[in-house]
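Observations on the model geometry
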Amino acid sequence: MTFKNLVAVSTAIILVSTAFIATHAATPVVAIDSLKPEAQHRRATRIITHLIANYHYKRTPLNDSLSHQILDKYLEVLDPTKSYLTAEDVATFSEHSNRFDDYLRYSDLQIAYDIFIRYRERLENRVASAIKLLDYKFDFTKDESFEFDREEAAWAADLPALDELWRKRVKNDLLALELAGDNFAEAKKKLKQRYEGIARRKSQLDSEDVFQTFINAYTTSIDPHTAYFSPRTSENFRIRMSLSLEGIGAVLQSEDEYTLVREIVPGGPADLAGELHADDRIIGIGQGDKGELVDVIGWRLDDVVDLIRGDKDSIVRLQILPKAVGTDGPSEVISIRRDKIKLEEQAAKSSILEVTGDSRAVKIGVIEVPTFYMDFEARARGDKDFRSTTRDVRKLLDELQLKQIDGLIVDLRSNGGGSLSEATDLTGLFIDKGPVVQVRNSQGRVQLERDTDRGVAYAGPMAVLVNRNSASASEIFAGAIQDYDRGLVLGEPTFGKGTVQNLVDLNRYDDSMEGKLGQLKATIAQFFRVAGGSTQHKGVVPDINFPTALSSEDHGERALDNALPWDSIAAARYNKSVSEHPSIKLLREQHERRVAEDPAFQALLAQEAAIEEARQLRSISLNKQQRESEHERKKLEQRARENELRVAKGLDALPANPDDDPEEDNDKDDEPEIDLLLDEAANVLTDWIIGTSTGKRLVENFDLKTKIADNKTDTRAAQAK
């Protein structure tokens, strides 16, 4: 397998492995006394520890220091809200905290099963007591609060302390359902089903599940992208992919007992519907227009995915807690029509913005690149006109230049990456030739990915617009444009995903196990920019940071436990662009002045601040009147910010209270989309054009026949990467 194939395969696994995991919907209860390590688990442990010790990019010794981390990570995965185990339990487990390295080295896994059994027993007892609490008459006028975010909380000292924690949890759950419109009987029934479901799903976990959970506590103590997939997990992933089941186009992950939307897949049904967003929480799922909403708080991620997926053109309804309201806010119900993710919906698209500069109107071309794609099936069939990012962008550039654009914006916001070869080839449309990215493997050897063809497809002023969800291949492209001084990078610091993973079938190391060993996804290399700095951890820092980057330090790779740090190597040999450069200081001053004076932008910043405030919330009141008042305040403030934005953009204000909205509002579908960040990027680029060209078009007399290198990337794009 070539290096580029390896990158493409491992990236695909990263994007879907959180969703496509083994289903246990019909799995029977597993007897506790059957939970014990098996021969294949001990053999897999020996192979995994060998591979990580010898081939993982981060040479992490298996010692006492790592042993402590493994125990902490295992407990964190089992009981992330610290709602079942006590400090007394943890103290008992900690007697082994210096020995997990030895246990792994000698494939002695019994302690992992002992801990899981204690956890399961505690959970079953806790659920039984919670169900009894549903008959308790709570006083919702009392002034007390519930700490729902317990990531930094201490373990409950003992069982009485857990009793108090669960009293407040049950009280909060009842209050939340009542505020959502359920009467007491409905709320009690729903919570009884929720709690019983938590216990049932945990009781279905077998020895293989326990092994996978424990080994992943080990692998993620090294880096967040190294993971073990059991044989059942691997097989279900393969089956799901081969059946090409339809869904909504969203990557999900478990966070505490919620299902969190990690990202929206460009071109998918959720993206096209526009109502589901990253960081929303899914708390209920219904089938069709009228199917009952099933409460999924506390559900396994795979069971949630099974409910969301379904036949093409069928409707799934999602009850969500929007990111702007946090876990205590009112929920919303949205409908999405299931479908496959179509390549044409992910394809690059172009548009033109007319910007009024100080001295003249400026025409800015925009090319939106949702992902770095290639139609591998069409290429394999020998189709000479197969689609790829670079091919599509080249055509769009030709069309835009015929319309005499003054500047170009490449919009990579929320582009999570894709093909490394496409990132390299796309960069080649804007530079003459040279290295695009450096890749260092676990042995320290550095490989260069190059643009080898002379000529450019576009030579005028350009900017790359990025945000906190621009990752991987997007960061390679943006970093190269910045290092070559080819254009401006605008927006927010990017995600910071600068590592490469490889998927290894463990069964190749022991035929006697007959496919029982599973697979290991391990980090094997790291990306570095041509200037020498890594895209890992820091991401690409824009030349001009937009003020929406309020919480970039708590987002992306830098927010993940044990993420590889930023690093640097020697710069590659390359020639920077000789085009006229802007004064970044002057452009930044103009940008800051414009944003400060723009009421629409200030409304957007207020919305970002509200989202950050909700994200930072750690506890909520259990006083009904106070909660109702808080919900009403947030609802009205959100509508006020929305109206400030609409009025500033020339749209009519909506009713001040969202409850007064008309039942059907067809006019909103015809309203122009408000994209303040794209508009501001066009303003910054216009400042550059006006300031460096004294009002003349930089693309005048641009000879397309000589500047556009014929077939520059077609040959390389057709190769198997």
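Analysis parameters
- Sequence order as written defines residue numbering, which begins from 1 separately in each chain.
- In keeping with the model being predicted, local features are shown solely for residues with a pLDDT of at least 70 and side-chain atom pairs are shown and tallied solely at 80 or more, while totals for entire chains, interfaces and linings include all residues.
- With hydrogens and water stripped out, all remaining heavy atoms of the structure feed into the side-chain values.
- Secondary structure is summarised from DSSP: a helix means a run of H or I of at least four residues, a strand means a run of E of at least two, and numbering begins at the N terminus for each.
- Accessible area is worked out with a 1.4 Å probe on protein chains only. A residue is then buried under 20% of its type maximum, exposed over 50%, and partly exposed in between.
- Note on areas: Shrake-Rupley with a 1.4 Å probe; residue coverage comes only from the protein chains shown.
- Only centres within 6.5 Å qualify two rings of Phe, Tyr or Trp (six-membered ring in Trp) as a pair; their planes then separate them into stacked at under 30 degrees, edge-to-face at over 60, and tilted for everything else.
- Only lysine NZ and arginine CZ atoms are considered, and such an atom sits over a ring when it is within 6 Å of the ring centre and within 35 degrees of the ring normal.
- Think of each axis as a best-fit line through the C-alpha atoms, taken over the contacting stretch in the case of a helix, with angles from 0 to 180 degrees between the N-to-C directions.
- An angle below 35 degrees is treated as roughly parallel, one above 145 as roughly antiparallel, one from 65 to 115 as roughly perpendicular, and anything else as oblique.
- Crossing handedness: left-handed means the near helix sits turned counterclockwise from the far one by under a right angle, and right-handed means the same turn made clockwise.
- Whether two residues touch is decided by their heavy atoms; if any such pair falls within 4.5 Å, the residues are in contact.
- Charged means Asp, Glu, Lys or Arg here, nonpolar means Ala, Val, Leu, Ile, Met, Phe, Trp, Tyr, Cys or Pro, and polar covers whatever is left, Gly included.
- We call two strands paired when DSSP finds no fewer than two bridges between them.
- Values of pLDDT, which run from 0 to 100, indicate the predictor's confidence residue by residue.
- Any carboxyl oxygen of Asp or Glu that lies within 4 Å of a side-chain nitrogen of Lys or Arg is treated as forming a salt bridge with it.

1. Observations concerning the overall build of the protein chain
- Check the secondary structure of the protein chain and you find 23 helices and 19 strands.
- Taking all 721 residues of the protein chain together, 53% fall into the buried category.
- About 31,900 Å² of surface is accessible on the protein chain, with carbon and sulfur atoms providing 48% of the total.

2. Considering the packing of aromatic side chains
- Applying the stated criterion to the full structure yields 12 aromatic pairs.
- With 5.7 Å between their ring centres and 50° between their planes, Tyr84 and Trp166 make a pair best called tilted. With Tyr84 in the loop between α3 (64-78) and α4 (87-94) and Trp166 in helix α7 (residues 159-179), the pair connects residues that are 82 residues apart, well separated along the chain. Grouping residues by exposure puts Tyr84 and Trp166 together as buried.
- Members of the aromatic cluster, connected to one another through ring pairs, are Tyr84, Phe116, Tyr119, Trp166 and Tyr195.
- Over the ring of Tyr258 we find Arg281, and its NZ or CZ is 5.7 Å from the ring centre.
- Geometry around Phe386 places Arg391 over its ring, the cationic atom sitting 4.0 Å from the centre.

3. Topic: the packing of helix α19 (residues 599-616) against helix α20 (residues 624-648)
- It is at 8 Å that the axes of α19 and α20 come closest, and there the two elements cross at 155°. Classified by the angle their axes make, α19 and α20 are roughly antiparallel. For the pair α19 and α20, the sense of crossing is left-handed. Taking contact as the criterion, the partners of Pro599, Ala600, Ala603, Ala606, Gln607 and Ala610 in α19 are, on α20, Gln638, Arg641, Glu644, Leu645 and Ala648.
- Considering only residue class, the contact of α19 with α20 consists of 7 nonpolar, 2 polar and 2 charged.

4. Looking at the sheet that holds strand β9 (residues 349-356)
- Spatial strand order, β9-β10-β11-β14-β15-β18: 6 strands in an open sheet with mixed pairing. For this open sheet the edge positions go to β9 and β18 (544-545), each flanked by a neighbour on one side alone.
- Here strand β10 (residues 361-368) runs beside strand β11 (residues 407-411); their pairing, made up of 5 bridges, is parallel. Bridging across to β11, Ile364 finds its partner in Gly407.
- Contacting β9, β10 and β11, helix α15 (residues 389-402) crosses the sheet at an angle of about 165° to β10.
- Across the sheet, helix α17 (residues 473-483) touches β11, β14 (462-466) and β15 (488-491), and the angle it forms with β14 is around 145°.

5. Looking at the confidence of the model for the protein chain
- Here the protein chain averages 85 in pLDDT, and 87% of its residues register 70 or above.
- Segment residues 1-26: pLDDT under 50, and 69 contacts once partners within four positions in sequence are set aside and those in other chains are kept.
- Low pLDDT, under 50, characterises residues 694-721; the stretch is placed with 68 contacts to residues that sit more than four places away or in other chains.

6. What to know about the pattern of salt bridges
- Taken as a whole and assessed by the stated rule, the structure comprises 42 salt bridges.
- Salt-bridge contacts for Glu680 lead to Arg594; the nearest nitrogen and oxygen are separated by 2.9 Å. Here Glu680, found in helix α21 (residues 676-693), pairs with Arg594, found in helix α18 (residues 584-597); they are 86 residues apart in sequence, far enough to count as distant.
- Relative accessible area serves as the criterion here: at 3%, Glu680 is assigned to the buried category.
- For Arg594, a relative accessible area of 23% corresponds to the partly exposed category.
- Several salt bridges converge on common partners, so that one network encompasses Glu144, Glu164, Arg167 and Lys171.

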